[in-house]
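Fold and contact review
Listed below are the residues making up each chain.
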Amino acid sequence: MIQLKKVTKRFDGPKGKVTALDEISIDMPSGELLAISGPSGCGKTTLLLAASGMLRPDSGDVRLMDGYRPYDLSPEQRSRMRADLIGFVFQQFHLIPYLTVKENIIAPSLSLSNQNPEQRARELIARFGLQERDDHLPSQLSTGERQRTALARALFNQPKIIFADEPTGNLDDENAEIVLNHLRDYTAEGGSVLLVTHNAKAADYATRTLKMKNGRLM
Amino acid sequence: MKIRHLVTREILHRKLNFALSVFATLIATAALIGSVVLLRMHDARTHSILQTKEAELQVRMEKLNDDTRKSMLKLGFNLVILPRDQDLADWYADDYSTKYMPESYVDRLAESDIVSVRHILPSLQQKIRWPERKRTIILMGTRGEVPNLHLSPQKPLVQPVPEGTIILGHELHQSMGIDVGENVRLLGRNFAVTTCYPERGNKDDITAWISLKEAQELLGKEGLINAILALECLCTGNALPIIRKEVAAILPGTQVIERGSRALARAEARNQVAEEAATTLENEKRGRGNLRAERERMASILVPVILLTCALWVALMAFINVRSRREEIGILRTVGVSAKRIFFLFVWKHISIGLLGGFLGLILGSIPMLLLSNGDSAAALEDVGSFPFWLGMGALAIVGASLLAVIAGWIPALIAARQDPAEVMREE
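All of the points below concern the structure found in this document. Bear in mind the structure is a predicted one, so any value in this text is a computation, not a measurement. Residues take numbers from 1 onward in each chain, read along the sequence in its written order. Each chain takes a letter, starting from A, and each ligand takes a number, starting from 1, following the order in which they are written. Local features are withheld for residues below a pLDDT of 70 in this predicted model, meaning they are given only at 70 or higher, and side-chain atom pairs are given and counted only at 80 or more; totals for whole chains, interfaces and linings count all residues. The side-chain values count all of the structure's non-hydrogen atoms but skip hydrogen atoms and water molecules.

1. Some points on the overall build of chain A
Along the backbone of chain A there are seven helices and nine strands. Whether two residues touch is decided by their heavy atoms; if any such pair falls within 4.5 Å, the residues are in contact. Within chain A, contacts between residues at least 6 apart in sequence are counted, and of these 71% link residues at least 24 apart. In this description, accessible areas are obtained by the Shrake-Rupley approach with a 1.4 Å probe, and a residue is regarded as covered only by the protein chains that are shown. For chain A, the accessible area works out to roughly 9400 Å², and carbon and sulfur atoms hold 43% of it. Numbered from the N terminus, helices here are DSSP runs of H or I no shorter than four residues, and strands are runs of E no shorter than two.

2. Some points on the nonpolar core
With 101 residues, the main nonpolar core has Ile2, Ile26, Ile36, Ile105, Phe163, Leu183 and Leu195 of chain A as its most contacted residues. In terms of residue count, helix 10 (residues 339–371) of chain B provides more of this core than any other element does, seven residues in total. Leave out the neighbours within four places in its chain, and Leu195 of chain A touches Leu33, Leu34, Ala35, Ile36, Ala164, Pro167, Leu180, Leu183 and Ala202 of chain A. We call a set of buried residues a nonpolar core when its members are Ala, Val, Leu, Ile, Met, Phe, Trp, Tyr or Cys and they connect through side-chain atoms within 4.5 Å of each other. Relative accessibility under 20% of the residue-type maximum defines a buried residue, over 50% an exposed one, and the middle range a partly exposed one, all with a 1.4 Å probe and only protein chains included. Counting 40 residues, the second largest nonpolar core, distinct from the first, contains Leu79, Tyr105, Leu109 and Ile120 of chain B.

3. Focus: the pairing of strand 5 (residues 86–90) of chain A
Residues and elements named next belong to chain A. With five of its five residues buried, strand 5 lies for the most part within the structure. Side-chain alternation along strand 5 places Ile86, Phe88 and Phe90 on one buried face and Gly87 and Val89 on a second face that is also buried. In this scheme, strands are said to pair when DSSP sees at least two bridges between them. Strand direction decides the pairing type here: strand 5 and strand 6 (residues 161–165), joined by five bridges, are parallel. Each bridged residue has a counterpart across the sheet, and for Phe90 the counterpart in strand 6 is Asp165.

4. Things to note about the pattern of salt bridges
Any two side chains of opposite charge can pair if their charged atoms end up close together. Here, a salt bridge means any side-chain nitrogen of Lys or Arg that lies within 4 Å of a carboxyl oxygen of Asp or Glu. All chains considered together, the criterion is met by 27 salt bridges over all chains. Between Lys201 of chain A and Asp173 of chain A there is a salt bridge, with its nearest N and O atoms 3.6 Å apart. Of the two residues, Lys201 of chain A sits in the loop between strand 7 (192–197) and helix 7 (202–205) while Asp173 of chain A sits in helix 6 (residues 173–188), which places them 28 residues apart along the sequence. Lys201 of chain A gets classed as partly exposed once you look at its relative accessible area, which sits at 42%. Asp173 of chain A sits in the exposed class, given a relative accessible area of 53%. Connected through shared salt-bridge partners, Glu10, Arg14, Arg325, Glu328 and Lys349 of chain B make up one network.

5. Overview of the interface of chain B and chain A
Each partner contributes to the interface: chain B provides 29 residues, whereas chain A provides 27 residues. With both chains or domains summed, chain B and chain A bury close to 2600 Å², and 64% of this area falls on carbon and sulfur atoms. The tally of links between chain B and chain A comes to one salt bridge. The partner of Glu103 of chain A in a salt bridge is Arg9 of chain B, with the nearest N and O atoms 2.5 Å apart. Side-chain atoms alone can form a polar contact between residues adjacent in sequence; in general such a contact is a pair of N or O atoms within 3.5 Å, and within protein one must be able to donate a hydrogen while the other accepts it. Linking chain B to chain A there are eight residue pairs in polar contact (both at pLDDT 80 or more). Elements that contribute at least two residues to the side of chain B that touches chain A include exactly helix 1 (3–13), helix 9 (326–334), helix 10 and helix 13 (421–427) of chain B. In terms of residue class, the side of chain B that touches chain A is made up of eleven nonpolar, five polar and 13 charged. When two parts are brought into contact, each loses some accessible area as probed by a 1.4 Å sphere; the total of that loss over both is the buried area. The classification used treats Ala, Val, Leu, Ile, Met, Phe, Trp, Tyr, Cys and Pro as nonpolar, Asp, Glu, Lys and Arg as charged, and all other residues, Gly among them, as polar.

6. Some words on the sheet that holds strand 5 of chain A
Residues and elements named next belong to chain A. With mixed pairing, six strands are arranged side by side in an open sheet as 5-6-7-3-8-9. In this open sheet, the two strands that pair with only one neighbour each are strand 5 and strand 9 (216–217). The angle between two axes is taken between their N-to-C directions and runs from 0 to 180 degrees, where each axis is a line fitted to C-alpha atoms and a helix contributes only its stretch in contact. Helix 5 (residues 143–155) rests against strand 5 and strand 6 of the sheet, and its axis sits at about 170 degrees to strand 5. Of the strands in this sheet, strand 3 (33–37), strand 6 and strand 7 touch helix 6, which is tilted by about 150 degrees from strand 7.

7. Some words on the sheet that holds strand 2 (residues 16–28) of chain A
Residues and elements named next belong to chain A. Read across the sheet, three strands follow the order 2-1-4 without closing on themselves; strand pairing throughout is antiparallel. Looking at strand neighbours, the two that pair on one side only are strand 2 and strand 4 (59–63), the edges of this open sheet. Sheet twist, expressed as the mean angle between neighbouring strand axes with direction ignored, is 25 degrees. Where strand 1 (residues 2–13) lies against strand 2, nine bridges are found, and the strand directions are antiparallel. Across the sheet, residue Leu4 finds its bridge partner in strand 2, namely Ile26.

8. Quick notes on unusual backbone geometry
The bulk of non-glycine residues show a negative phi, and the bulk of peptide bonds are trans. A positive phi angle is found at Phe93 of chain A, which is not glycine, with a value near 70 degrees. Its relative accessible area of 6% is what places Phe93 of chain A among the buried residues.

9. Considering the side chain of Arg82 of chain A
With respect to the secondary-structure elements, Arg82 of chain A resides in helix 2 (residues 75–85). Asp420 of chain B provides the closest opposite charge to the buried, unpaired Arg82 of chain A, separated from it by 7.6 Å. Contacts of Arg82 of chain A, omitting those with residues within four sequence positions, involve Ser52, Gly53, Met54 and Phe88 of chain A together with Arg333, Thr334, Gly336 and Pro421 of chain B. Only four residue types enter the tally: Lys and Arg on the positive side, Asp and Glu on the negative side, with His and both chain ends excluded.

10. Some thoughts on helix 6 of chain A
Since there are 3.6 residues in each turn of an α-helix, residues three or four apart along the chain are aligned in direction. Residues and elements named next belong to chain A. Between the first and last residue of a helix there are one fewer steps than residues, each counted as 1.5 Å, and that sum is the expected span. With 16 residues, helix 6 should reach 22 Å at 1.5 Å per residue; the first-to-last C-alpha distance of 22 Å fits that figure. Of all the positions in helix 6, only Asn175, Ala176, Val179, Leu180, His182, Leu183, Tyr186 and Thr187 are classed as buried. Down the axis of helix 6, the buried set is contained in an arc of 150 degrees. They therefore lie on one face. Within helix 6, the exposed residues directed more than 90 degrees away from the buried face are Asp173, Glu174 and Ala188. Contacts made by the buried residues of helix 6 are with strand 3, helix 4 (117–127), helix 5, strand 6, strand 7 and helix 7. Gly190 sits one or two residues past helix 6 and shows a positive phi near 110 degrees. What the arc covers is the set of directions going from the helix axis to the C-beta atoms.

11. Quick word on helix 4 (residues 104–111) of chain B
Listed in full, the buried residues belonging to helix 4 of chain B are Tyr105, Val106, Leu109 and Ala110 of chain B. Projected down its long axis, helix 4 of chain B shows its buried positions confined to an angular sector of 135 degrees, all on one face.

12. Digging into empty space enclosed by the protein
In this analysis, the protein atoms alone were mapped onto a 1 Å grid. Cavities are point sets where a 1.4 Å probe fits without being able to get out; pockets are open sets with protein on both sides within 12 Å along at least five of seven lines; lining residues have an atom within 4 Å of a point. Grid points are joined across faces, edges and corners, and a volume is the space filled by probe spheres set on the points. Under the definition given, this model contains two cavities of 30 Å³ or more. Considering only enclosed or pocket space, the largest cavity measures out at about 70 Å³ in volume. Every residue lining the largest cavity is listed: Arg82, Ala83, Ile86, Gly87, Phe88, Pro108, Arg153, Ala154 and Asn157 of chain A together with Thr334 and Val335 of chain B. Going through the elements one at a time, helix 2, strand 5 and helix 5 of chain A are the ones with two or more residues in the lining of the largest cavity. Ranked by residue count, the leading element in the lining of the largest cavity is strand 5 of chain A, at three residues. A per-class count over the lining of the largest cavity returns six nonpolar, three polar and two charged. In this structure, the second largest cavity spans a volume of roughly 30 Å³.

13. Structural notes on the packing of helix 5 of chain A against helix 6 of chain A
Residue and element names in this part refer to chain A. Between helix 5 and helix 6, the shortest axis-to-axis distance is 9 Å and the interhelical angle comes to 15 degrees. Considered as vectors, helix 5 and helix 6 are oriented roughly parallel to each other. Classified by chirality, the crossing of helix 6 by helix 5 is right-handed. Every residue of helix 6 that contacts helix 5 at Gly144, Gln147, Arg148, Leu151 and Leu155 is listed here: Asn175, Ile178, Val179, His182, Leu183 and Tyr186. Taken together, the residues of the contact of helix 5 with helix 6 break down into six nonpolar, four polar and one charged. By definition in this entry, angles of less than 35 degrees are roughly parallel, angles greater than 145 are roughly antiparallel, angles of 65 to 115 are roughly perpendicular, and the rest are oblique. Crossings are assigned a handedness: left-handed for a near helix turned anticlockwise from the far helix by less than a right angle, right-handed for a clockwise turn.

Below, the structure is given as C-alpha cells:
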C-alpha cells in the first residue's frame, strides 16, 4: 500500500542544510493504521507529505497503491492521484472559511466529477453526526465538529489512504476519541491510515506504531 | 461543486476586495465608454449646430434671393442703346452720345415683339452752354416712356416732361436760386420750372430736363435722338448677349451696353453675404473639429492612463486576494484540485469582476450623456448612436472590462496556481 525506501529530505536552514528525513524506509500494507509518533520538529509532517506525493524527497523511493510512483507523475497526474487515492486530515482542520459544513465536505468534487456529491455528502454528514450543522460555517462549529467535518471531507472521494497530521492535536479527549474511532473504522473497511501524532492515546488505536526522532525511525 | 459556486461564495466572503476590483474595472470602463459617448455627443452636437446654421443660412439666402429677385423685378437691368458708330470711350468720358439715330427707332422697338426690353426711354442729351445763365449744363430732352405694345401696360418709371416746362438738377436750382414755379429762359425760349430735384451726387445735379421735341428744336436735331434707355430689362447676367442680338435684329446700326444696376450690386452683396455665411459655417466646422481633436487627444492620453491605473489596481487586489487565500489554495491542491483548476478559479473570479464592472461602467459612462440630454434621454441615446452602436458599446464594455480584469489578474492567478501546497501545509 505505502512503500518508502531510504527516503531522505533536507531543507536549507540558517546554519546550513537540515535533514528532516534521513533514509526512512516504511512498508505499510492495506488496512493498517500506522501511527508515527515523536516530538515536535522530528520530521513527522515532512514524512507524511513525502509519502503522500506532496513533497518530493531528495533521494529514496516512494510507492503508493498498485505501485504508483507519485514523483514519476506530472503535477497534473499527481493532483489526480491525490484526488483518487488520498485523503488528508490536519491538526488545523484547514476548512474553507466561507463554505458551510456540507460545502466543505463536497469541496473535493471540484477535482473529480462525482456522480452524486449531494448524496455522498449527506451520507458523510450523517456518519459524522453533523446533521444539525450542515449549513453552518466553520467559524460556527466546535473544534470537534470542525475536525469531523475535515475527516468527512477527507473521505468524500472514498480514498484508499488517509494521511492524518496530528488530527487530535487541537481536540479534547472526547473528540480525539471520536476521530480516532472513525479512523480505525476506516481501516476496518479496508482503508489505510498513516497517522503522525505525539498523542500517546493514538497508539491504542494503531495497528502499528513507529517512533521518530531527528528524522530517523527508532 | 462547481467552480462558479466556490467563486460566488468567496466573493461574498471577501466583499471589499471584490468591490474594490469591480470599482476599478467600473472606472476603467466608464472612462472608455464615457470618452466614446462624449465624442459621439460632440459629433451629434456639431451635426445639430451645423444643421441649424445651414438651415438659418438657407433661410437667409432664400430671403436674399427673394429680395434680389424682387429687386430684379423692380429694377431689372438698365441698358443703353446707342448708335453703332458712337465711340464708347467718348461715351463713357462724356456720358452722352455725340452720334445720333432716328427717333423712329424707339417706335420700332416698342412695336417689335421683344419682351425682354421694358420701359423704353428715348433721349437727346448734350452738354451745352446755358447762355442766359452763363453755365455749362447737360440738356436732356425726353419724351417719357414709350409703351411696349407687346407687354401688358405697366406703370411708367419716368414721367414725360411736358412742353414748356423744365426740371432742374440740384446744383442748377441751388446755385442760381431758382424755385419751382419760376420761369427761366434757356437758349432763347421760356420754360416754367416744375420740379427741382434734390441732390443726387452725380451729373443729374447739373442736368436740365425738357421735352424731347423742344430739345430737338433747340439743338437743331429734329427727328433725332442719341440714346434709348431701357430700364428693368428682363435679363440677368448671361442673357445680355441674347438681348444684344435681339436689339440688333430690330435696330440695326445700334449697340447695346449695360449700365451698372443696383440689382447687380445687390446680387453681388448677396453673394458676398453667402460667402461670409459659408465662411462662418466653415469656421464653425473648423472650430468644432479642432475642439473634437483636442478632446480626442485628451481622451487618447487620459483613457489609457486610467485603464493602466485601474488594471494595476485590479492586479494589486488580485495579489492581495491570492495572498489571503494561500491556505485555501493549499488545501484545495491537497484534496486534488489541479493547478489548472486553481488558475481558472481566479480567472473565473476576474471574469465576474469584469462582467459586473463592465455593466456598471457602461451605465456610469452613459450618465454624462443622460445629464446633458435636457431630460430627453431617448433622443440623446439616438443622437449618440443607433441600436447596433449601443450593442457594440455594451459588448465593448462587457468584453473589454472582462479582458482587463482577466489580464490584470493573470499573473496573480498563475502565482496561485503554482503555489506549492506542501509548503503551505508545512508552514501551518
